[in-house]
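This is what each chain is made of:
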Amino acid sequence: MKIDSPDILHKTEAGGVAVNISSVQEAEAKFKEITENGRNYNPQAKINGILIQEQVPPGDEVIVGLQRDPVLGTQIMFSLGGIFVEVLKDVVLKPIPLSREC
């Protein structure tokens, strides 16, 4: 379970993630807990609800995004995801469209 909010980027830090839910009662309790945690973390946050997603096997987590710069144009961003994007600050920005030379 994961909080669905465009205003809460660091969902784990906000207490907005729960895993290994094994019953309906636990899901109901975690729904309330995650929602409350999100409101405490950012009282102005728009909370759309809670996402229920399958836990995927461990692997490499990445982040991909777009950045629009008025001078450089649109660029694609790529980095290790999760906490690593913040800790390592090793992000690659490349102009799009990409080519093999990039």
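On a predicted model such as this, the values are computed, not experimentally measured, just so you know. (Residues numbered from 1 in each chain as written. Predicted model: local features only at pLDDT ≥ 70, side-chain atom pairs only at ≥ 80, totals over all residues. Heavy atoms only, no water.)

Re the side chain of Lys11
(1) Moving on: As for its position among the elements, Lys11 is in the loop between strand 1 (2-4) and helix 1 (24-41).
(2) Moving on: Buried charge without a partner: Lys11 forms no salt bridge, and the closest opposite charge is Asp4, 6.3 Å away. (Helix = DSSP H or I, 4+ residues; strand = E, 2+ residues; numbered from the N terminus. Buried < 20%, exposed > 50% of the residue type's maximum accessible area, 1.4 Å probe, protein only. Lys, Arg positive; Asp, Glu negative; His and termini not counted. Salt bridge = Lys/Arg side-chain N within 4 Å of Asp/Glu carboxyl O.)

Quick look at the environment of Lys94
(1) Moving on: Positionally, Lys94 belongs in strand 5 (residues 92-95).
(2) Moving on: With 33 residues separating them along the chain, Lys94 and Glu61 place their C-alpha atoms 20 Å apart.

Concerning helix 1
(1) Moving on: With 18 residues, helix 1 extends 25 Å from end C-alpha to end C-alpha; this agrees with the ideal 26 Å at 1.5 Å per step.
(2) Moving on: Those residues of helix 1 that are buried lie in contact with strand 1 and strand 2 (49-51). (Expected span 1.5 Å × (residues − 1). Contact = heavy atoms within 4.5 Å.)

As for the nonpolar core
(1) Moving on: Within the largest apolar cluster, 8 residues are counted, these being Met1, Ile3, Ile8, Ala14, Ala18, Ile34, Ala45 and Ile50.
(2) Moving on: Those residues in contact with Ala18, other than ones at most four positions away along the chain, are Met1, Lys30 and Ile34. (Core = buried A, V, L, I, M, F, W, Y, C linked by side-chain atoms within 4.5 Å.)

So, to be careful, I would describe these as geometric facts and stop short of saying anything about function.
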